[in-house]
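Each chain, written out:
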Amino acid sequence: MARILGIETSCDETSASVLSGSGDDVKLESLVILSQDVHKVFGGVVPEIASRAHLTSIVPVVSRALADAGTTLDDIDAIAVTAAPGLIGALLVGVCYAKSLAFSRGIPVIGVHHMEGHLFATALEHPDAVPPFTGLLVSGGHTLLLDVEEWGKYRLLGATRDDAAGEAFDKVAKLLGLPYPGGRPIENLAREGDPARFRFTKPMVRRNDRPENADYYQFSFSGLKTAILNAVRESDDIERDKAHIARGFQDALVGSLVEKTFRAADSFGRQRVVLGGGVACNSTLVSAMQKRVDEIGATVFAPKPRLATDNAAMIARAGLFHFEKGERSGLDLNAFASQPIPGLIAA
Ligand code: KG4
Ligand code: ZN
């Protein structure tokens, strides 16, 4: 059994968590997430402000996570920290703090890839969300479709050619005059929308419907965003059309995510589909996914919003996996704005 302190500062959440256990048998002892609301004023994350906000909150957030778990650094076996990908200045705050703490206590530090963290998040809530499974990671910066044979072995099937799914939600929200981040406001508005009023093509689905097509599993959302921009421009009453456009957009985007994920689960014969990342909060996505994979008898697992969006529990969980494999990062651990997910195997 090991007890891990997780730290996450890759974007606009300062988060710390304590987790203990071994293998897939883990207990979440605490999770503190401090969201930086300041970015709402600017309609997007301002990197320099994010770094400064992490600097002021990292110490109290970590102290609070330890206190909530009823523990101290004396009982921590290793510190796991997000080292990539993300905003470089933001990442560096977490990485430097984690290294200093680890050095001062004589315990190991383990650099974790943020997207591998998202892959582990769902298992914290659903014990059955473990390999083998088809994984769909949909966040503000990434859209990854993976076949996960076992933890640490990831077959990357598809990714986005341009915008990430969450980024598309955020950009379309802006076009519709909705607040940042745009995922939830669009989902709420779409509920009032008529699905037949605006129909947009599901990106990359129809013309890539054979496994031998290079884009069979790939995503692209920038064309859809342009179609929304045109619909907004052509509307003579945007207040009347707004909800219908939001509905049409969400149906097309979700349709593309569902179809590609279904293809992956079907091709690899997986009985579980694990969703992760902020867009996995979208209940339309979760129910449409379940409906589609019912055809092959598969089950969809989605994390609750607190674990779907950025949090340190998922970093501690991925860190525990690497810790148990004997992996350690040195004090030369650095942060990287972009980096492929570790453990990739040939597709
Ligand atoms: O994983 P995450 O918290 O941060 C990144 O690592 O990027 O994801 C944030 C993204 C944002 O783009 C946000 O608009 C989206 O998740 N999101 C949603 C919903 N809630 C958050 N997208 C669609 N529907 C939602 N309900
Ligand atoms: Zn994330």
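Quantities reported herein were computed from a predicted structural model and do not represent experimental measurements. (Residues numbered from 1 in each chain as written. Chains lettered and ligands numbered in written order. Predicted model: local features only at pLDDT ≥ 70, side-chain atom pairs only at ≥ 80, totals over all residues. Heavy atoms only, no water.)

## Observations concerning the coordination of the zinc ion (ligand 2)
Only H114 (NE2), H118 (NE2) and D310 (OD) from the protein coordinate the zinc ion (ligand 2), and they sit 2.0 to 2.1 Å from it. One way to put it: the 4 donor atoms around the zinc ion (ligand 2) meet at angles of 93 to 147°, and that makes the site irregular. In terms of primary sequence, the donors binding the zinc ion (ligand 2) are separated according to H-x3-H-x191-D. Here the residue H118 occupies a position in helix α3 (residues 114–121), and D310 occupies one in the loop between α9 (305–308) and α10 (312–324), the gap between them amounting to 192 residues. (Donors = N, O, S within 2.8 Å, 3.2 Å for Na, K, Ca; no water. Tetrahedral: all angles 85-135°; square planar, octahedral: opposite > 155°, others 65-115°. Helix = DSSP H or I, 4+ residues; strand = E, 2+ residues; numbered from the N terminus.)

## Considerations on the side chain of T261
The residue T261 is located in helix α7 (residues 238–268) in this model. For T261, a relative accessible area of 0% gives the class buried. Residue contacts for T261: discarding those within four places in its chain leaves T134, L136, L145, V273 and M289. (Buried < 20%, exposed > 50% of the residue type's maximum accessible area, 1.4 Å probe, protein only. Contact = heavy atoms within 4.5 Å.)

## Side note on the site of ligand 1
G140, D170, G183, E187 and G278 are the nearest of the 21 residues found near ligand 1. Contact distances for ligand 1 include 2.7 Å between an oxygen atom and a side-chain N or O atom of D170. Take G183: an N or O atom from its main chain is 3.0 Å from an oxygen atom of ligand 1. Burial of ligand 1 by the protein chains amounts to 88% of its free accessible area of 560 Å². Of all elements in the fold, only α3, α4 (165–175) and α5 (183–190) reach the threshold of two or more residues within the shell around ligand 1. The residue inventory of the shell around ligand 1, partitioned by class, reads 5 nonpolar, 12 polar and 4 charged. (Near = heavy atom within 4 Å. Polar contact = N/O pair within 3.5 Å; in protein donor to acceptor, adjacent residues only side chain to side chain. Areas by Shrake-Rupley, 256 points an atom, 1.4 Å probe, with all protein chains shown as cover. Nonpolar A, V, L, I, M, F, W, Y, C, P; charged D, E, K, R; others polar.)

## Topic: helix α2 (residues 88–105)
Between its terminal C-alpha atoms α2 stretches 26 Å, which fits the 26 Å expected from 18 residues at 1.5 Å a residue. Listed as buried for α2 are A90, L91, V93, G94, V95, A98, K99, L101 and A102. In this structure, the buried side of α2 is in contact with β1 (2–8), α1 (47–68), β4 (78–84) and β5 (109–113). Positive phi shows up at G106, right after α2, with a value of about 70°. (Expected span 1.5 Å × (residues − 1).)

## Looking at the sheet that holds strand β2 (residues 13–22)
Spatially, β3-β2-β1-β4-β5 is the arrangement adopted by the 5 strands of the open sheet, whose pairing is mixed. Each end of this open sheet is capped by a strand with a single partner; those strands are β3 (25–35) and β5. Strand-to-strand, the axes of this sheet are offset by a mean angle of 25°, without reference to chain direction. Judged from the 10 bridges that link them, β2 and β3 form a sheet pairing that is antiparallel. Residue pairing in the sheet places L19 in a bridge with L28 of β3. Taken strand by strand, α2 contacts β1, β4 and β5, and its axis lies near 155° from that of β4. Helix-sheet contacts for α3 involve β1, β4 and β5, and the interaxial angle to β5 is about 85°. (Pairing = 2+ DSSP bridges. Axes fitted to C-alpha atoms, helices over the stretch in contact; angles between N-to-C directions.)

## Thoughts on the sheet that holds strand β9 (residues 272–276)
On the basis of which strands lie adjacent, the open sheet formed by 6 strands has the order β10-β9-β6-β7-β8-β11 and mixed pairing. A strand with exactly one partner marks an edge of an open sheet, and here the two such strands are β10 (299–301) and β11 (344–345). With 2 bridges connecting them, strand β8 (residues 153–159) and β11 associate as parallel partners. Paired with Y154 across the strands is L344, a residue of β11.

## Quick look at the packing of aromatic side chains
All chains considered together, the criterion is met by 7 aromatic pairs. Where F219 meets F221, the ring centres are 6.1 Å apart and the plane angle is 20°; that geometry is what we call stacked. Residue classification places F221 among the buried residues on the basis of a relative accessible area of 1%. Three or more aromatic residues joined by ring pairs form one cluster here, namely F120, F133, W151 and F321. Over the face of the ring belonging to F262 we find R292, whose NZ or CZ atom lies 3.7 Å from the ring centre. (Phe/Tyr/Trp six-rings, centres within 6.5 Å; stacked < 30°, edge-to-face > 60°. Lys NZ or Arg CZ within 6 Å of the ring centre and 35° of its normal.)

## Some details on the pairing of strand β6 (residues 133–138)
Each regular strand displays side chains that alternate between the two surfaces of the sheet. The buried fraction of β6 amounts to 6 of the 6 residues, a majority that puts the element mostly inside the structure. The two faces of β6 match: F133, G135 and L137 on one face and T134, L136 and V138 on the other face are all buried. Two elements, β6 and strand β7 (residues 143–150), share 6 bridges in a ladder whose sense is antiparallel. Each bridged residue has a counterpart across the sheet, and for G135 the counterpart in β7 is L146.

## Let's talk about the packing of α5 against α7
A packed helix pair is summarised by two numbers, namely the angle formed by the two axes and the spacing between the axes. Between α5 and α7, the least distance of the axes is 8 Å, while the angle of their chain directions is 110°. Of the possible angle classes, the one that applies to α5 and α7 is roughly perpendicular. Our pair here, α5 against α7, has a crossing hand that is left-handed. On α7, the residues that touch I186, E187, L189 and A190 of α5 are K242, A243, A246, R247, F249 and Q250. (Parallel < 35°, antiparallel > 145°, perpendicular 65-115°, else oblique. Left-handed = near helix turned anticlockwise from the far one by under 90°.)

## Things to note about the environment of K202
Locating K202 in the fold gives a position in the loop between α5 and α6 (222–234). Here the alpha-carbon distance between K202 and V41, two residues 161 residues apart in the chain, equals 32 Å. Apart from residues lying up to four places away in sequence, K202 is in contact with A252, G255 and S256.

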